[in-house]
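Single-letter residue listing:
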Amino acid sequence: MRLSYRAGTCALALMAGSAALQFEPALLRDLVVDTAGPRIAVGAVKVPLWSAAFAQSADSLILDNVSFTFGSATYEAKRIEFSGISSSRADLEALFSSTSTEPMESRLKRISVKQILIPEARVKQTFGQDVQTTTYRNTTLTDVVQGRIGSALIEATGAETKRAKGSLVVSNGRATMSDLDLPALAGLYEAKAESTSAPFAKIYGAFAIENIDVTDGEANVSFRVARMSGRDFMGRQTRDSWNGTFGLFTEMAERQELSPADQARFFPALADLLDAFQIGSIEASGVEVNTKTRGEPGQGRIARIAYTGGTESQPADMRWEGFEFSGKDNHVKLDGLSLTGFSFRQTLEGLRSLQGKSLDDLDPATMRSLVPTLGTLRLQGVSIDGSTDDDGKKVKVQAGLKGFELTADKPMNAIPTNFRFGLQNLTMALPSNSQDEGVKELVALGYKTIDVSFLAAATWNEAASEIALSEVSFQGQDMGNLGLTGRIGNVGRDLFNPDTALATVALVGARAKALDLSVENKGLFERYMAKTAKEQKTTPESLRRTYAAAAAFVVPAMIGSSEQAQTLSQAIARFIAKPGKLSVSATPKDPSGLGVAEAMVVQDPKAILEKLNVSAKAE
């Protein structure tokens, strides 16, 4: 739990304010991350140091050897230079007063300085047995007006965490930020939200960090980002303030497992915090990962990772571009991955409204309410070159995928009402020594490689109470094509009801209205005939005539001898005799459709056929 908490906290810090927390001067940055109740300003700066400083000129001052301790962290700055001070001495003194009860947000609003220089600032902090030391070099804050920093610059940052096994080293080069609103940030940490609809405040305009390097000595992993940038970070208050929320997370991190009572407190607070910030955009380029684990070395690269927050006019969007991974025996490449239109709104609202329940106490309906909306996931240009274990044998794998799509959106009670799943040009070399029965059958048919595509798409139309199966299709190179469309009527909202009994009743009441099927031969039929003819010691032509004649008699025996049955059997026989394209259409004679329940209980296919209008032809 402790490791998960730290990882989660790091992720939140990156999205919610890593730029802000890095670019603030040491004295200001740590004023707003108090998680223990009192403001960190209390006792933060020794009064005698400041008293001596105020003996300098009215618009500038220099502080030497500034240090203070808060909890397990010690902050040090050898020199801090202020120039162009517009604030009064009283305003500056109030900022670090140990007796002031005024909110930090109000005190920061009275601070105006043309420039603040901090040549070096150092933070040393203890996390259990781990000791972390972070150094900021050449920090410059410019145009501080009423607590708002016009621009910030840090030339370099380095951090080292010494652990029982190995160490974690993080560094980055030049870092910049614009329009950092410290009073607004302080207000997030200090103040409690009066309602869940508290307005968002803009915390910063833009930030950029260059040459981020992370080296984990214990895991033998190194991570590098050439550049990270972002724009328009917005935040709003949480129910217990950001201070209170992070305090709760710290409390939960100390526990090995969360009890039901802990879960009832933790998950609503987590939802509250996740819903308390918005990001306009964030992007990382030149991402590299190297692992040196014995027996499992590997290198990974991503050209670009980008996220754009959703607005009223455009959906949220996340994408990876130019992904490549190379290991000892495997190489994977992905040209692009995108996820568009996803939303965690329902999940956050569900977590916030748990009303003191733990996850163990939730019924199926509540659990369903926590499911997020996927949106549309797309992959482009996937290639795999490696090996896998097949029944104890090492088998070489070479595969590629031109495109993949999965759309699941427009949810009704967490069930998508718009669904689309597709594979475009899935290619794979078939290993001749595979033990898989399906692969062995394809190899026996003479295939050395496969190239197949598949698509399934369905949409629920609430106004028409109908599900349209717009397409189910399969295409295989040198195999054939298969297509299916249809419509199912009398499908209302109850089909998506969390109550499974009501959903089952709705499903039973559904009625099929149309079905169209097409089968087109592109070589699979000939391969099958050649293989079967060889096994039966005959010729493919002779076998085809035998099968065609049999179809003309067997099919009517199964489905009856009506005119429709004869039409269908003749079309099937013609297709077998000369494989080309077979098309079959069926519609119920009853305009309201054929009941699903009715079709399920009928045992004789002839009875079903009597209720349908069937047309079929072979081309």
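Nothing here was measured: the structure is a model prediction, and the numbers come from that model.

A few words now on the overall build of the chain. Helices and strands together make up the secondary structure of the chain, namely 18 helices and 23 strands. The buried share of the chain, reckoned over its 619 residues, is 39%. Considering only contacts in the chain between residues 6 or more positions apart, those separated by 24 or more positions represent 62%.

Here the focus is a nonpolar patch on the surface. Residues F474, L482 and L517 make up a contiguous nonpolar surface patch of about 220 Å² in total accessible area. Considering the arrangement of structural elements, one finds L482 in strand β19 (residues 480-489).

Two elements in contact, helix α8 (residues 241-253) and helix α9 (residues 260-274), have axes separated by 10 Å at closest approach and are oriented at 140 degrees. The orientation of α8 relative to α9 falls into the category oblique. As α8 packs across α9, the resulting crossing turns out to be left-handed. Seen from α8, the contacting residues are W242, T245, F246, L248, F249, E251 and M252; seen from α9, they are D262, R265, F266, A269, L270 and L273.

Take helix α15 (residues 540-559) next. In this model α15 runs 28 Å from its N-terminal to its C-terminal C-alpha over 20 residues, within 8% of the 28 Å that 1.5 Å per residue would give. Looking at the buried side of α15, the elements it contacts are α14 (524-535), α16 (563-577) and α18 (605-609). The first or second residue beyond α15 is G560, which carries a positive phi of 105 degrees.

With 64 residues, the main nonpolar core has I80, F82, I116, I203 and W242 as its most contacted residues. In terms of residue count, helix α7 (residues 182-190) provides more of this core than any other element does, 6 residues in total. Core analysis: the second largest hydrophobic core is formed by 16 residues, L568, L582, A586 and L612 among them.

Once that is clear, we can look at the pairing of β19. Consecutive side chains of a regular strand alternate in pointing toward one face of the sheet and then the other. Across 9 bridges, strand β18 (residues 466-476) lies against β19 in antiparallel orientation. Paired with A468 across the bridge in β19 is R487. Taking the residues between adjacent antiparallel strands as the criterion, β18 and β19 are bridged by 3 residues, where D478 takes a positive phi near 60 degrees. Inspection of the sheet shows β19 paired to strand β20 (residues 511-521) by 10 bridges, in the antiparallel sense. From the neighbouring strand, R487 faces β20, where its bridge partner is A514.

Tracing the backbone shows D275 in the loop between α9 and β10 (277-291). Residue classification places D275 among the buried positions, given a relative accessible area of 6%. Of the polar contacts made by the side chain of D275, one reaches the side chain of R236; its length is 2.9 Å. A polar contact of 2.9 Å, which involves the side chain of D275, links it to the side chain of R345. D275 has contacts with F200, R236, R345, L348 and R352, leaving out every residue within four places of it along the chain.

Despite not being glycine, Q146 has its phi angle at roughly 50 degrees, a positive value. Mapped onto the elements of the fold, Q146 is located in the loop between β4 (130-145) and β5 (148-162). Its relative accessible area of 43% is what places Q146 among the partly exposed residues. With a phi close to 75 degrees, A414 is a non-glycine residue in the positive phi region.

The geometry of an aromatic ring pair is captured by the separation of the ring centres together with the interplanar angle, meaning the angle of the planes. Here the structure, examined in full by the defined rule, presents 15 aromatic pairs. Ring centres 6.3 Å apart and planes at 25 degrees place the aromatic pair Y189 and F246 in the stacked group. Taken together, the residues Y189 in helix α7 and F246 in helix α8 connect sequence positions 57 residues apart. Judged by relative accessible area, Y189 falls into the buried class, the value being 7%. On the basis of an interplanar angle of 65 degrees and a centroid distance of 6.3 Å, the ring pair of F525 and F575 is categorised as edge-to-face. Of the two residues, F525 is situated in helix α14 and F575 in helix α16; the sequence distance between them amounts to 50 residues. Here a set of aromatic residues connected by ring pairs shows up, and it is made of Y189, W242, F246, F249, F266 and F267. In this structure, R527 packs its charged tip against the face of Y447, placed 4.0 Å from the ring centre.

Relative to the assigned elements, G280 resides in strand β10. Sequence separation between G280 and G230 is 50 residues; the distance between their C-alpha atoms is 7.5 Å. In this structure G280 touches R231, D232, Y307, T308 and G309, once residues within four positions along its chain are discounted.

Right, let's get into α16. If you check α16, its first and last C-alpha atoms are 21 Å apart, about what 15 residues at 1.5 Å a residue would give, namely 21 Å. Residues of α16 that are buried: Q564, A565, L568, S569, A571, A573, F575 and I576. Residues of α16 that are buried in the fold lie against β20, α14, α15, β21 (581-588), α18 and β23 (612-618).

Our focus in this paragraph is the packing of α15 against α16. Where α15 contacts α16, the two axes come as close as 8 Å, and the packing angle between them is 165 degrees. Of the possible angle classes, the one that applies to α15 and α16 is roughly antiparallel. Remark: the crossing between α15 and α16 carries right-handed chirality. Along the contact surface, α15 presents R544, Y547, A548, A551, A552, V555, P556 and I559, while α16 presents A565, Q566, L568, S569, Q570, I572, A573, I576 and A577. Of the residues assigned to the contact of α15 with α16, the class counts are 13 nonpolar, 3 polar and 1 charged.

We now examine the environment of S615. With respect to the secondary-structure elements, S615 resides in strand β23. Relative accessible area serves as the criterion here: at 41%, S615 is assigned to the partly exposed category. For the pair S615 and S585, spaced 30 residues apart in sequence, the C-alpha separation works out to 5.3 Å.

Right, let's get into the pairing of strand β17 (residues 449-461). When strand β16 (residues 415-429) meets β17, the two strands line up antiparallel, connected through 10 bridges. Following the sheet pairing, R420 is matched in β17 by A457. The turn linking β17 back onto β18 is made up of 4 residues, and S465 within it adopts a positive phi angle of 50 degrees.

With that settled, consider the pattern of salt bridges. Scanning the entire structure with this criterion turns up 33 salt bridges. The salt bridge partner of E251 is R255, with a shortest N-O separation of 2.7 Å. Under the relative-accessibility criterion, R255 is labelled partly exposed at 28%. Through salt bridges with shared partners, a single network forms among E251, R255, D262 and R265.

Conventions used here
- Residues numbered from 1 in each chain as written.
- Predicted model: local features only at pLDDT ≥ 70, side-chain atom pairs only at ≥ 80, totals over all residues.
- Heavy atoms only, no water.
- Helix = DSSP H or I, 4+ residues; strand = E, 2+ residues; numbered from the N terminus.
- Buried < 20%, exposed > 50% of the residue type's maximum accessible area, 1.4 Å probe, protein only.
- Contact = heavy atoms within 4.5 Å.
- Patch = residues over 30% accessible without salt bridge, like charges linked within 9 Å, V, L, I, M, F, W, Y side chains within 5 Å.
- Areas by Shrake-Rupley, 256 points an atom, 1.4 Å probe, with all protein chains shown as cover.
- Salt bridge = Lys/Arg side-chain N within 4 Å of Asp/Glu carboxyl O.
- Axes fitted to C-alpha atoms, helices over the stretch in contact; angles between N-to-C directions.
- Parallel < 35°, antiparallel > 145°, perpendicular 65-115°, else oblique.
- Left-handed = near helix turned anticlockwise from the far one by under 90°.
- Expected span 1.5 Å × (residues − 1).
- Core = buried A, V, L, I, M, F, W, Y, C linked by side-chain atoms within 4.5 Å.
- Pairing = 2+ DSSP bridges.
- Polar contact = N/O pair within 3.5 Å; in protein donor to acceptor, adjacent residues only side chain to side chain.
- Phe/Tyr/Trp six-rings, centres within 6.5 Å; stacked < 30°, edge-to-face > 60°.
- Lys NZ or Arg CZ within 6 Å of the ring centre and 35° of its normal.
- Nonpolar A, V, L, I, M, F, W, Y, C, P; charged D, E, K, R; others polar.

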